[in-house]
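Residues per chain are reported as follows:
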Amino acid sequence: MKPIDLRSDTLTQPTPAMREAMANAEVGDDVFEEDPTLKKLETLAAKKIGKESALFVPSGTMGNLISVLSHCQRGDEVLLGDRSHIFVHEVGGMAALGGVHPRILRNNEDGTLPLPLIEQSIRQTDIHYPLTRLICLENTHNFCHGTPLSPEYMDSVAVLAAKYGLKIHLDGARLFNAAVALDVEVETLTRQADSVMFCLSKGLSAPVGSLVSGNRDFIQRARKMRKMVGGGMRQAGHLAAAGLVALENLVERLKDDHQNARLLAEQLTVIKGIELDQTQVKTNIIFFKLNHPEIDGDTFLSRLEAKSIKILMTDPGVFRAVLHREVSREQVETVAQTIKTILAQ
Ligand SMILES: *Cc1c(COP(=O)(O)O)cnc(C)c1O
């Protein structure tokens, strides 16, 4: 039996339509900028994000890295959250590869950075100080319960950035989840940012790929940075073909994942031994704590595995479940029922 895999939405397999589009894609050498399918994807992405230009990259991590490198010089400082993916999960790339100095601000529970904290962290001109160059935001915020940042919050950060001449980079790995959850146009969440990264390979189900968007000049620099870090790909249109199917057909259905997340949260909240705040569940990500006198985190995971259910333990006793296209409503019921049975023992 195929397991019910809630570890991540990256586990989604390409759809039959994607596989067909990939097989039949018209391709060329993209380092020569001659891949028609890739160009089509970049044009569509730029339009959806509301920027002049876009660039296909193999991963979200590379997209964030080359964005930071395209905004910053060595020694510049970047403001970002202590729970942000860029700070926690991207191997310190900006420092290791770019000589860029991360300044970590404590994230609020909803993924925002407090505005006064941003403002007081911006450096004055002083011979001792690095130059504050960039603010990075994350929408939806993965490790803050998958919370979407609102257009109003984004606008208020943009006001600060403009006041001090800073750039904004948006890590929008799950940007389309945010737009669907808030029921707003994507552009209302991207107009404040100078650069935006989003992933095709998560809930949108494509096998590989992310896009970076920004103005023409920024994307030109990012294209060169992508080449520098080894991301210049050749007949990448085969990958882009799946991305086109994702952007054209799989955005609206993200709301099914959000519904399933709410359903799972509802059913888990009432189980003894689970601590979960339902009000935090806004998109496709759920975090909960295990609080059971006899069953510890590892035992819980192995008992779930024995029932063909996989979830992720992000800290001892803390779990993340991510809903996606390959988890049905019925399977959500099965997961809740199984957890109930395990914890009743
Ligand atoms: C997954 C993710 C990334 C990185 O994407 P990869 O394709 O896995 O490198 C960046 N930011 C956030 C918020 C993510 O969830």
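As the structure is a prediction and not an experimental result, all values here were calculated from the model. (Residues numbered from 1 in each chain as written. Predicted model: local features only at pLDDT ≥ 70, side-chain atom pairs only at ≥ 80, totals over all residues. Heavy atoms only, no water.)

### Let's talk about the nonpolar core
Generally speaking, nonpolar side chains in soluble globular proteins are found buried as a group.
Argument step 1. Core analysis: the largest hydrophobic core is formed by 54 residues, its most contacted members being Ile118, Leu137, Phe176, Phe198, Leu200 and Leu247.
Argument step 2. The biggest single contributor to this core is helix α11 (residues 237-249), with seven residues.
Argument step 3. Excluding residues within four positions of it along the chain, Leu247 makes contact with Leu41, Leu44, Ala45, Lys48, Phe176, Phe198, Leu200 and Leu204.
Argument step 4. Counting residues in hydrophobic clusters, the runner-up holds 30 residues, among them Ile4, Leu6, Leu268 and Val335. (Core = buried A, V, L, I, M, F, W, Y, C linked by side-chain atoms within 4.5 Å. Buried < 20%, exposed > 50% of the residue type's maximum accessible area, 1.4 Å probe, protein only. Helix = DSSP H or I, 4+ residues; strand = E, 2+ residues; numbered from the N terminus. Contact = heavy atoms within 4.5 Å.)

### Quick look at the site of the ligand
Argument step 1. By nearness alone, 14 residues border the ligand, and Gly60, Thr61, Asp171, Arg174 and Lys202 come closest of all.
Argument step 2. Between the ligand and Lys202, the relevant distance is 2.8 Å, taken from an oxygen atom to a side-chain nitrogen or oxygen of the residue.
Argument step 3. Protein coverage of the free-state accessible area of the ligand, which is 380 Å², stands at 85%.
Argument step 4. Of all the secondary structure elements, the ones that give two or more residues to the shell around the ligand are α3 (60-71) and β7 (195-199). (Near = heavy atom within 4 Å. Polar contact = N/O pair within 3.5 Å; in protein donor to acceptor, adjacent residues only side chain to side chain. Areas by Shrake-Rupley, 256 points an atom, 1.4 Å probe, with all protein chains shown as cover.)

### Focus: unusual backbone geometry
For residues that are not glycine, phi is negative in most cases, and the peptide bond is trans in most cases.
Argument step 1. At the junction of Asn139 and Thr140, the peptide bond is cis and its omega measures out at -5° in the coordinates.
Argument step 2. Within the secondary structure layout, Thr140 lies in the loop between β5 (132-138) and α7 (151-164).
Argument step 3. Positive phi values are uncommon outside glycine, yet His145 reaches one of about 65°.
Argument step 4. Assessed through its relative accessible area of 11%, His145 is described here as buried.

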